[in-house]
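Each chain is listed here by its residues.
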Number of protein chains: 2
Amino acid sequence: MAVSPLAPAAFPDLPVIQGVRFAAVEAGVRYKNRTDLMLAELCEGTTVAGVYTTSATRSAAVRDCQDKTGGVDQGRAAFLVNSGNSNAFTGQAGDEAVQAICAAAAETLGIDASRIFTSSTGVIGEPMKYERIVDALPKLSDALSDTAIDAAARAIMTTDTFPKGAAAEITVDGQTVRIAGIAKGSGMIAPDMATMLVYIFTDAKIGYRDLQGMLSHFTDRTFNCITVDSDTSTSDTLLMAATGASGVDVTGNSSFNSALEALMLNLAHQVVRDGEGATKFVEVRVSGAADDADARKVAMAIANSPLVKTAIAGEDPNWGRIVMAVGKSGAEADRDKLTIRFGDMLVAENGWVSSKYVEDDAAAYMKGQEIVIDLDMGLGEGISNVWTCDLTHRYIDINADYRS
Amino acid sequence: MAVSPLAPAAFPDLPVIQGVRFAAVEAGVRYKNRTDLMLAELCEGTTVAGVYTTSATRSAAVRDCQDKTGGVDQGRAAFLVNSGNSNAFTGQAGDEAVQAICAAAAETLGIDASRIFTSSTGVIGEPMKYERIVDALPKLSDALSDTAIDAAARAIMTTDTFPKGAAAEITVDGQTVRIAGIAKGSGMIAPDMATMLVYIFTDAKIGYRDLQGMLSHFTDRTFNCITVDSDTSTSDTLLMAATGASGVDVTGNSSFNSALEALMLNLAHQVVRDGEGATKFVEVRVSGAADDADARKVAMAIANSPLVKTAIAGEDPNWGRIVMAVGKSGAEADRDKLTIRFGDMLVAENGWVSSKYVEDDAAAYMKGQEIVIDLDMGLGEGISNVWTCDLTHRYIDINADYRS
């Protein structure tokens, strides 16, 4: 499959994170001639936090991770992720597969099963050949290396057209801590193959409660602010491990917080940039709403509107559809107080198209690859930024024909 | 444009409704060489009820109709509808256009302006050449005829590929009353050209409060249960006129109620059958939900899911995406209690695909033009039926390229 036109030029150089080793192998869960199983082994002292899909039909692995997240245990741990089969909606057999994988990994790695966090991404509703994962564990364990994070990023891809990674280095009290993250996702989510999975590692030291609080807070401003098609995966998982191996405590450190949020936003944007069929990266900025919740409603209504997204695909500066999306959002809105801009270009104000608006200029703007839709609701202080992509023929090709 | 493959074989024969006369002319609002303005003139004694879009950015005509709906006035009345320009998001000038049109129609027809109900459908945000409507009024008035309802149905079309009509005849106490309705819509709604407009006429006698109550109640079970793309128009309008000219009072008459609901459902289905790019007519039946509201949430989540709709377009029996949509709906759900059927074919139960499920049979079923997705949530008594269509390349063609 051709790489998305919105992909970064190259996969970034990711630093070694002290206390983490990675491996990726071909387990043959479904794909042939590519890696489909990745392991991140985490040293003694590691704190693990997680954020998961809110789906009522979430997968067995997600439920298992949720059970294991929290508490003060800082023993060794592992993240084990396969692509090719999501083990979702596979009934009791799916739960048993997760238990079997965790038990085998615990034995192979000498890590307590309560500290083995697994994810599965791929086809939904088909029995997962978990024995292939179990059988691959010795080879996977032997392959562990502190520089294999890029191989890990590739092993978790499904319909992704490029591997996704980001890193940060922060100086705290004269000492260096590092963060590296990898993600997969294409279509914010598609239950077959485009589940969003994110794994972030740092050698900083931080307790569970602080790490979890930060992760949840930043998720709401990053991964929860992207949408490709408004559908929600049964398997979405974000796990973060802080190994503490640098010896540097970052509790309450604002530089670390900022760096983590920026890294999460970077990965979130990469997921949108690999949105199924995407040819445009779209930022929707809403300000002046009655409150932040209303701003989010408006931004998401615009970002999820098939009519807005097809207009962008057609490079049509169809601001009328933005007005429509504002109207249907359920947020408080006053037609005559709305101001709409494409980038810096004033489009509409005072309840009508602006007298300064030139359709040809707007049409030229829409030919760009990065589109900003800026709305001032003119009512209050509520703001929200959301990122999405356009809706193209390719999206339909991918999703109408996927299983055949 | 080719007629939708889901269109009825022919436009139905609609009966004369005593007390209503219709006309349609070419006013040249935007289109050339086709009618674009229709009038329904309603006799003394007519009750008018209406249901309107809930959009916060609804059009000037909708706001004006809302102001005029209600009360006990049963004088003469008129519905005046143009296609080609929606007069939505046109600021103060839009409001003035509506006032000018109503004033001119009042003078031409000798009907109080407070009883002139107008609708406009077409491009959003462009100044409407309302003088062309005003200029056409004498010709329109001269053309009034009690058999021109089919011409009226054609004049309100925009991206519709066929005119939509339905009728019913009911015997009440040995006397006959008739109902006839026309509708336009293609894409449940698209703010440019595919607003949903519905006009229903009966010669039965019924007071405002009863008529409005019935109309609102049935709308919730018919027009509010269809979706093409989840977008909500700024102009959606449903108006019903009961002229009373038959002399038959139908207040509380269950045969009339049933006939009206069936007629509204018939028109609603025709709107879906003309959904932009539609090739499949899809009924989503949800039962066993915790309550009706939850059932509606699940049904709408399935009917609006781009992943479900593209799978149907691809004739892929991708039941995993239905599970996904249930999960994201926000309704109470238990994976292990869900039962999914395609038509009568059992697909999944007890948290997994059924042992009786044969993929080839399901694939054959999906090749049909009429698809039923049936879900039993296994939790309670909540039910909801919703109708939609598939999401195809043609939808993107229509909406990406419309204005160019």
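Residues numbered from 1 in each chain as written. Chains lettered and ligands numbered in written order. Predicted model: local features only at pLDDT ≥ 70, side-chain atom pairs only at ≥ 80, totals over all residues. Heavy atoms only, no water.

Draft legend 1. Structural context of the interface of chain A and chain B. Tallying the contact residues gives 60 residues for chain A and 60 residues for chain B. Summed over both partners, the interface of chain A with chain B comes to about 5100 Å²; 59% of that surface belongs to carbon and sulfur atoms. Linking chain A to chain B there are 2 salt bridges. One salt bridge connects Asp95(B) with Arg335(A), and the closest N-O pair in it is separated by 3.3 Å. Breaking the side of chain A that touches chain B down by element, the ones donating at least two residues are α2 (91-109), α8 (306-313), α9 (319-328), β13 (352-353) and α11 (393-401) of chain A. Broken down by element, the residue count for the side of chain A that touches chain B peaks at 8 residues, all from α9(A). Considered class by class, the residues forming the side of chain A that touches chain B number 27 nonpolar, 21 polar and 12 charged. (Contact = heavy atoms within 4.5 Å. Buried area = accessible area lost by both parts, 1.4 Å probe. Salt bridge = Lys/Arg side-chain N within 4 Å of Asp/Glu carboxyl O. Helix = DSSP H or I, 4+ residues; strand = E, 2+ residues; numbered from the N terminus. Nonpolar A, V, L, I, M, F, W, Y, C, P; charged D, E, K, R; others polar.)

Draft legend 2. Molecular detail of the sheet that holds strand β12 (residues 345-349) of chain A. Residues and elements named next belong to chain A. Spatial strand order, β13-β12-β11-β14-β10-β15: 6 strands in an open sheet with mixed pairing. At either end of the open sheet lies a strand with only one pairing partner, and these are β13 and β15 (382-389). By the bridge criterion, 7 bridges tie strand β10 (residues 281-289) to strand β14 (residues 370-376) in an arrangement that is parallel. Residue pairing across strands places phenylalanine 281 opposite glutamate 370, the latter belonging to β14. Sheet strands touched by α9: β11 (339-342), β12, β13 and β14. Its angle to β11, the strand with the most contacts, is close to 135 degrees. (Pairing = 2+ DSSP bridges. Axes fitted to C-alpha atoms, helices over the stretch in contact; angles between N-to-C directions.)

Draft legend 3. Main features of the domain arrangement of chain A. Residues and elements named next belong to chain A. Annotation of chain A at the domain level lists domain 1 (20-273) and domain 2 (281-401). Relative placement of domain 1 and domain 2: their C-alpha centres are 33 Å apart. Together, the buried faces of domain 1 and domain 2 total about 1200 Å²; carbon and sulfur atoms form 56% of this surface. Taken together, the connections running from domain 1 to domain 2 amount to 2 salt bridges. A salt bridge links glutamate 370 to arginine 273, with the shortest nitrogen-to-oxygen separation between them at 2.9 Å. Summed over the shared surface of domain 1 and domain 2, the result is 5 residue pairs in polar contact (both at pLDDT 80 or more). Counting only elements with at least two residues in the side of domain 1 that touches domain 2, the list comes to α5 (208-221) and α6 (254-273). No other element matches the 4 residues that α6 contributes to the side of domain 1 that touches domain 2. Its residues assigned to classes, the side of domain 1 that touches domain 2 shows 5 nonpolar, 4 polar and 4 charged. (Domains from an automatic or database assignment. Polar contact = N/O pair within 3.5 Å; in protein donor to acceptor, adjacent residues only side chain to side chain.)

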